[in-house]
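Examination of the molecular architecture
Okay, here's what each chain looks like letter by letter:
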Amino acid sequence: MTRLKDELERVPRYDVKDPDLAARIDSLVDYLGPYEHLDLIREVVVTAAKLVEQKASRGDLKILRTSMKEMRWAFKVFDRYRETRKVTVFGSARSRPGDPAYQAARDFSAEMARRGYMVITGAGGGIMEAGNEGAGRAMSFGLNIMLPFEQVANPAVRGDEKLINFHYFFARKLFFIKESDAIALFPGGFGTQDETFEALTLIQTGKDDPTPLVMVDVPEGDYWKRWEEFVQGCVIGKGLASPADIHLIHRTSDIQEACGHIERFYRRYHSCRFVNNRDLLVLRLKEPLPPGLLDNLNDRFADIVVDGKIEPAEPFREEEDQPELQALPRLVLRFDQKQYARLHQLIDAINA
């Protein structure tokens, strides 16, 4: 039992009430090893046992069972492509191949694939089909939703191993955001607006890592222009969001500009992670900062640092589970965990 005990020392004990059952769970989880995350596996098993203790209804258990099975499969599918950056494309399912928005989504996806990005869509028609068609089968994921009237996957991803079917919208939405390094929004209906505001909310509140979000309109189109006018006038203008939050989006009708905005976000910045019980934010970079830029960053972004300064750092112990990132240079700061739009501006300055 030594291996399991070592794993469990990392976190406070989350357990069932019955000591005999707890011991049986220990034995089962230890039997499943060796595996470096046995502590988390044990919590999953304990959660299942707690559902028995609370006499959960069959309906509730079906929801949990189905969502866990779907997510496990999606984790497995995406795991093979973990090192490849991806962009999620949202937009109307009603667009047709002759529509300017369809062509724009197709051209955007083709260009992002050319730049090495894989494209994730909802696997349906319209903008989703345009995205998969532009990226090509080898560079496409399709996250299909099973509806009463049965949405059929578009021909570009139909039958592909990277087509994943979901029963629940919430699980599907999780993977749209979790697996993407960028989000591209094209004109669409209620679903597109839902995805737009959800993505913005997750980025604004720090529930998603900093992510470039581009709103792509057609030439001479005003869909996203009028959306931004609404947000500026009725949301930010009435004090319901911070003026800086508008910097979370980039609006354009130029495909090359949209693609370039995404690539610039990762020009020098690589990724980030909270460590030390979320007290410190680590920004991992692809290359060291040029001389003088660190002082400039400290002057311009002191308002989001709770204490101290933005400083270079060595890898932290919590990052040992990502050995492939150990060699990257790092910056560390005590981020206030409120001004995520300003954090985006800090990343833009790092990339400048």
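Residues numbered from 1 in each chain as written. Predicted model: local features only at pLDDT ≥ 70, side-chain atom pairs only at ≥ 80, totals over all residues. Heavy atoms only, no water.

Describing the layout of surface pockets
Leftover empty space is mapped by rolling, across the atoms, a probe with the size of a water molecule. Space inside the second largest pocket adds up to approximately 500 Å³. Around the second largest pocket sit 22 residues that line it, and Ala-93, Met-128, Gly-191, Thr-192 and Glu-195 are the ones nearest its centre. Contributions of two or more residues to the lining of the second largest pocket are made by strand S1 (86–90), helix H7 (169–178) and helix H8 (190–204). The residue inventory of the lining of the second largest pocket, partitioned by class, reads 10 nonpolar, seven polar and five charged. (1 Å grid on protein atoms, 1.4 Å probe; cavity = no way out; pocket = protein on both sides within 12 Å on 5 of 7 lines; lining within 4 Å. Points joined across faces, edges and corners; volume = space filled by probe spheres on them. Helix = DSSP H or I, 4+ residues; strand = E, 2+ residues; numbered from the N terminus. Nonpolar A, V, L, I, M, F, W, Y, C, P; charged D, E, K, R; others polar.)

Quick look at the packing of helix H5 (residues 100–114) against helix H10 (residues 255–265)
Packing of H5 against H10 brings their axes to within 10 Å, and their N-to-C directions diverge by 40 degrees. In terms of their interaxial angle, H5 and H10 are classed as oblique. By crossing handedness, the relation of H5 to H10 is classed as right-handed. Each of Ala-104, Asp-107, Phe-108, Glu-111 and Met-112 in H5 lies in contact with H10, whose residues at this interface are Ile-255, Gln-256, Ala-258, Cys-259 and Ile-262. (Axes fitted to C-alpha atoms, helices over the stretch in contact; angles between N-to-C directions. Parallel < 35°, antiparallel > 145°, perpendicular 65-115°, else oblique. Left-handed = near helix turned anticlockwise from the far one by under 90°. Contact = heavy atoms within 4.5 Å.)

Comments concerning the side chain of Arg-342
With respect to the secondary-structure elements, Arg-342 resides in helix H12 (residues 340–351). Residue classification places Arg-342 among the buried positions, given a relative accessible area of 17%. Contacts of Arg-342, omitting those with residues within four sequence positions, involve Arg-300, Phe-301, Asp-303 and Ile-304. (Buried < 20%, exposed > 50% of the residue type's maximum accessible area, 1.4 Å probe, protein only.)

A look at the sheet that holds strand S7 (residues 249–252)
Here seven strands make up an open sheet; going across it, the order is S4-S3-S2-S1-S5-S6-S7 and the pairing parallel. Of all the strands in the sheet, the pair left with one neighbour each is strand S4 (163–166) and S7. The sheet shows a mean angle of 20 degrees between the axes of neighbouring strands, taken without regard to direction. Each of S1, strand S2 (118–121) and strand S3 (140–145) touches helix H6 (residues 127–135); the most contacted strand, S2, lies at about 160 degrees to it. Most of the contacts of helix H9 (residues 223–236) go to S7, to which it runs at about 140 degrees, and overall it touches strand S5 (182–185), strand S6 (213–216) and S7. (Pairing = 2+ DSSP bridges.)

Topic: the nonpolar core
Generally speaking, nonpolar side chains in soluble globular proteins are found buried as a group. Among the nonpolar cores identified, the biggest contains 47 residues, and Val-87, Phe-108, Phe-186, Leu-283, Leu-297 and Leu-346 are the most heavily contacted of them. At seven residues, H5 tops the list of elements feeding residues into this core. For Phe-186, the contacting residues outside a window of four places in its chain are Val-89, Phe-90, Gly-91, Ala-101, Ala-104, Ala-105, Phe-108, Ile-127, Thr-192, Val-216 and Trp-224. Formed by 34 residues, the second largest nonpolar core is a distinct cluster that contains Ile-120, Phe-176, Ile-203 and Met-215. (Core = buried A, V, L, I, M, F, W, Y, C linked by side-chain atoms within 4.5 Å.)

Examining the sheet that holds strand S9 (residues 280–285)
Strands sit in the order S8-S9-S11-S10 across an open sheet of four strands; the sheet is antiparallel. The open sheet is flanked by strand S8 (269–275) and strand S10 (311–313), the only strands paired with a single partner. Here the average twist between neighbouring strands, direction ignored, is 35 degrees. Alignment of S9 against strand S11 (residues 330–333), held across four bridges, turns out to be antiparallel. In the strand pairing of S11, Arg-284 is matched with Arg-330.

Let's talk about empty space enclosed by the protein
Within this structure, the stated rule accounts for two cavities of 30 Å³ or more. Reported here for the second largest cavity is a volume of approximately 40 Å³. Around the second largest cavity sit Phe-90, Lys-173, Phe-176, Ile-177, Glu-195 and Glu-198, which together line it. Listed by contribution, the elements that provide at least two residues to the lining of the second largest cavity are H7 and H8. Looking at the lining of the second largest cavity residue by residue, the classes come out as three nonpolar, no polar and three charged.

A closer look at helix H11 (residues 293–300)
When we look at burial in H11, the residues that qualify are Leu-293, Leu-297 and Asn-298. Considered in projection along H11, the buried side chains sweep an arc of 140 degrees and stay on one side of the axis. For H11, exposure combined with an orientation more than 90 degrees from the buried face picks out Asp-295 and Asp-299. Its buried side turned inward, H11 meets S11 and H12. (Arc of directions from axis to C-beta.)

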